[in-house]
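Results of the structural survey
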Amino acid sequence: MSDAILSGDRRDALQEIANIGMGQAGARLAALLGRFIHLSVPRIRMVDTVSLPSAVRDMLDFTEPVTALRQSFRCDIAGEAISLFDSRGAAHMKFVFRADESELASPEEADEQDIEALSDVANLITGACLTGLFEQIGQVPTFTPPRVMGAHLDLEDILNPSKLPWDRALLLEVTLQTEDGVFGSHLLTLMTAKAVEALVTALDGFLANL
Amino acid sequence: MEMPDTARLAELALERVQLGIFAVDRDYRIVMWNRFMSEHSGVCAEAARGLSIFECFPDLPHAWLKRKFDTVFLLHSGSFSSWQHRPWLLPFEHDCPITGSFDRMQQDCAFMPLMEDGQVVAVCVTIADVTELAAAWREKEAALEALRDSSERDALTGLFNRRYIIRRLEGEYRAWQASGEVFSVLLFDIDHFKHVNDTYGHPAGDAVLRRIAATVADEIGDTGVLARYGGEEFMVILPHCDPAGSRAAGERIRQAIAGDGIVLPDVRLSVTVSVGCATVREGAASVELLVEEADHALYAAKRGGRNRVAMAVAHA
């Protein structure tokens, strides 16, 4: 099973890096939005992309259909970050992340279909989380703009292995807590075998410096 | 001549690239402004540097742009703007005068951190001219629209085609199953059409078809959906229409056509149609059966002498 690649010390290291990274990300998002934001300790799982839809369903609390956006990231490790939203999550996130206070009075007002707003949310969460995580191993990733992978589809349609030319997925489940409740925010990263090797090298470096 | 050092070369490159590049500090004051920016904005680097970008360009969307900058300062990651959501950040002329579709440069912007010792010292913004891409995208959308249209429309008359109307009919049927709101189907057929073609030729036949399409489209307007169903056969779907309503509509169609003369270069024609009407009801188990009922009614109209309206047996 692919979890063997990330086991023992390496796995613990990744978990610790992710914990610190998410803490950092949460603090930064709160500062940006001027609102209470807390990111939970992320659950991490490494899976083959074939098992991705079922793994996602196990880990995350969604009501399908979902909308997915993808962005590429690159530092020494390159991959893709996918953000998934169900319709309730999407509306709430747009409300929480709104730039202009006068825009929306309530989550109900957020237009579910507003792709620009959702792209902004995805970019903020992805950017904050992955930058926070990678900074712990001395890297600052660059990102491409978010693109919609699919809107209002089932997980199998969006996370179809034929559409994902990647071997492995590092599932990072991050839960976003705001002042009016807890809303799951879901981040997946996909990497090639080469990228996983680079991650392992970086983790080994992190462990060596402890 | 000695090659300038890397820093100098980078400076020179910055001035040459076909990309707007500028940077702001934490007070949103301009700290870098390349040649592309000066040439397109009309504000030179000396004038721009030190001014707040909002002072320099008061029409910029304040809250939106401030958020873009703050994202980078606070998260250390990037921010973006796509021409599709916001056509431009700054109103520049584009460099592709041949592209008639846009009056201003369409812009994709990226905001990124410039870091020194783990601190974001400035946010760098790139403005890419994507006018040509935007024009190509628009052309593609128009082509797709035309393709969609041609698959839904009859080329000769411009009416919806059979494929389309059957889909619409299925939709109406499902809506009726859900809501109970009845709808009617009319089938009408040109009387002695073969005779028209044989006597006056196919161009005349085509002219007749086009004329009937226009006349009936005018007659039913927004109240229904009209399509060319076969060679000389047409279908009308009338939502929220009961048998009495369908008979009245059928009669209006019949009269409009019967009273119409078709003037061609060599001849003045007149044609008539036979009309069959059916309304969905509890017994109508499927769309196919409903169409069959309308068809039987049409046949009855033909047999009854043509140029008339007949109702499906259930409503007669």
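Worth saying up front: this structure is predicted, and the values here are computed from it rather than measured. Throughout this document, residue positions are counted from 1 along each chain, in the order its sequence is written. In the order they appear in the text, chains get letters beginning with A and ligands get numbers beginning with 1. Reporting of local features is limited, given that this is a predicted model, to residues whose pLDDT is at least 70; pairs of side-chain atoms are given and counted only at 80 or more, and all residues count toward the totals for whole chains, interfaces and linings.

**Considering the overall build of chain B**
Rules: The secondary structure listing takes helices from DSSP runs of H or I that are at least 4 residues long and strands from runs of E that are at least 2 residues long, numbered from the N terminus. Neighbour density around each residue's C-beta defines its exposure: 20 or more other C-beta atoms within 10 Å make it buried, 12 or fewer make it exposed, and counts between make it partly exposed, where C-beta atoms are placed from the backbone. The contact criterion used is a C-beta to C-beta distance within 7 Å, with each C-beta placed from the backbone.
In terms of helices and strands, chain B carries 11 helices and 12 strands. Structurally, chain B occupies a C-alpha span of about 100 × 50 × 30 Å along its principal axes. Taking all 316 residues of chain B together, 34% fall into the buried category. Across chain B, contacts joining residues at least 24 apart in sequence account for 58% of those joining residues at least 6 apart.

**Examining the overall build of chain A**
Heads up, the rule is: Radius of gyration here uses only the C-alpha atoms, and the compact-globule reference equals 2.2 Å multiplied by the residue count raised to the power 0.38.
In terms of regular secondary structure, chain A is built from six helices and eight strands. For chain A, the succession of helices and strands along the chain, N to C, is α-β-β-α-β-β-α-α-β-β-α-β-β-α. Rg of the C-alpha trace for chain A: 16 Å, near the compact-globule value of 17 Å for 210 residues, within the 12% margin. For chain A, the C-alpha atoms occupy an extent of roughly 50 × 35 × 25 Å along the three principal directions. The 210 residues of chain A split such that 45% are buried. Looking at chain A alone, contacts between residues at least 24 apart form 72% of all its contacts between residues at least 6 apart.

**A short note on helix α9 (residues 202–220) of chain B**
Residues and elements named next belong to chain B. Going by this rule: For a helix, the expected span equals 1.5 Å multiplied by the residue count minus one. Relevant arc is that of directions from the helix axis to the C-beta atoms, nothing else.
With 19 residues, α9 extends 27 Å from end C-alpha to end C-alpha; this agrees with the ideal 27 Å at 1.5 Å per step. For α9, the complete set of buried residues consists of G205, V208, L209, I212 and V216. Projected onto a plane normal to the axis of α9, the buried residues spread over an arc of 100° and lie on a single side. Summarising the geometry of α9, the exposed residues directed more than 90 degrees from the buried face are P203 and D218. Of the residues trailing α9, G221 is marked for its positive phi of about 50°.

**A word on the interface of chain B and chain A**
Just so we agree on the cut-off: Under the grouping applied here, Gly and all other residues not named as nonpolar or charged are polar, the nonpolar ones being Ala, Val, Leu, Ile, Met, Phe, Trp, Tyr, Cys and Pro and the charged ones Asp, Glu, Lys and Arg.
Taken together, the contact between chain B and chain A spans 15 residues of the former and 15 residues of the latter. Those elements that place two or more of their residues in the side of chain B that touches chain A are α5 (62–75) and β3 (79–81) of chain B. The element that contributes the greatest number of residues to the side of chain B that touches chain A is α5 of chain B, accounting for seven residues. Looking at the side of chain B that touches chain A residue by residue, the class counts come to six nonpolar, seven polar and two charged.

**Digging into the sheet that holds strand β5 (residues 119–129) of chain B**
In any sheet, the strands associate via hydrogen bonds between backbone groups, in a parallel or an antiparallel arrangement. All names here are of chain B. Rule in force here: At least two bridges found by DSSP between two strands is the condition for calling them paired. For helices, the fitted axis covers only the stretch in contact; all axes are lines through C-alpha atoms, and the angles between them, taken along N-to-C directions, range from 0 to 180 degrees.
Strand order in the open sheet formed by five strands is β2-β1-β5-β4-β3, with antiparallel pairing between adjacent strands. The sheet is open, and its two borders are formed by β2 (30–33) and β3, each paired with just one other strand. Along the sheet, successive strands turn relative to each other by an average axial angle of 20°, direction set aside. In the sheet, strand β1 (residues 20–24) pairs with β2 via three bridges, with the strands oriented antiparallel. In the sheet register, V24 faces β2, and the bridge partner there is I30.

**Side note on unusual backbone geometry**
All names here are of chain A. In the Ramachandran plot, H152 falls in the positive-phi region, its phi being about 55° despite a non-glycine side chain. For H152, the position within the fold is in strand β6 (residues 147–153). By C-beta crowding, H152 is classed as partly exposed, having 14 other C-beta atoms within 10 Å.

**Some words on the confidence of the model for chain B**
What counts here: pLDDT gives the predictor's per-residue confidence on a scale running from 0 to 100.
Overall, the prediction assigns chain B a mean pLDDT of 92, with 98% of residues at 70 or greater. Both confidence scores are given for the complex: pTM 0.73, ipTM 0.87.

**With respect to the pairing of strand β4 (residues 78–86) of chain A**
Residue and element names in this part refer to chain A. With seven of its nine residues buried, β4 lies for the most part within the structure. Sheet analysis places strand β3 (residues 66–74) next to β4, joined by nine bridges and oriented antiparallel. Of the residues in β4, the one forming a bridge with F73 is G79. As consecutive antiparallel partners, β3 and β4 are separated by three residues.

**Re the domain arrangement of chain B**
Formally: Where each domain begins and ends follows an automated or database-derived domain assignment.
Assigned domains within chain B: domain 1 (6–137) and domain 2 (153–315). A separation of 59 Å is found between the C-alpha centroids of domain 1 of chain B and domain 2 of chain B.

**Re the pairing of β5 of chain B**
Working note: regular strand, side chains alternate between the two faces of the sheet. Residue and element names in this part refer to chain B. Here β1 pairs with β5 via five bridges, running antiparallel. Bridge pairing in β5 links G20 to I127. Where strand β4 (residues 107–116) lies against β5, 10 bridges are found, and the strand directions are antiparallel. Residue pairing for β5: Q107 is matched across the bridge by D129.

**Here we look at the nonpolar core**
Here is the rule: Any set of buried Ala, Val, Leu, Ile, Met, Phe, Trp, Tyr and Cys residues joined through C-beta atoms within 7 Å is what this text calls a nonpolar core.
Within the largest apolar cluster, 90 residues are counted, with the highest numbers of intra-cluster contacts made by V121, C129 and L171 of chain A together with V123 of chain B. If one sorts the elements of this core by residue count, helix α4 (residues 115–135) of chain A sits on top with 11 residues. Among all residues touching V123 of chain B, those that are not within four sequence positions of it are A23, V24, F69, V72, F73, F111 and P113 of chain B.

**Points about the environment of S246 of chain B**
Residues and elements named next belong to chain B. Tracing the backbone shows S246 in helix α10 (residues 243–258). Separated by 63 residues in sequence, S246 and V309 place their C-alpha atoms 9.8 Å apart. Residues in contact with S246, not counting those within four places in the same chain, are S184, L186, L238, C241, C277 and T279.

**Brief notes about the sheet that holds strand β6 (residues 183–190) of chain B**
Residues and elements named next belong to chain B. Reading across the sheet, the five strands line up as β7-β8-β6-β11-β12 and stay open at both edges, with mixed pairing between neighbours. A single partner strand is all that each edge strand has here, and the edge strands are β7 (225–228) and β12 (309–311). For this sheet the average axis-to-axis angle between neighbouring strands, irrespective of direction, equals 20°. Of the pairings in the sheet, the one linking strand β11 (residues 273–279) to β12 comprises three bridges and is parallel in character. Considered in β12, the bridge of G276 is made with A310. Together, β6, β11 and β12 form the strand contacts of helix α11 (residues 287–303), whose direction differs from that of β11 by roughly 145°.

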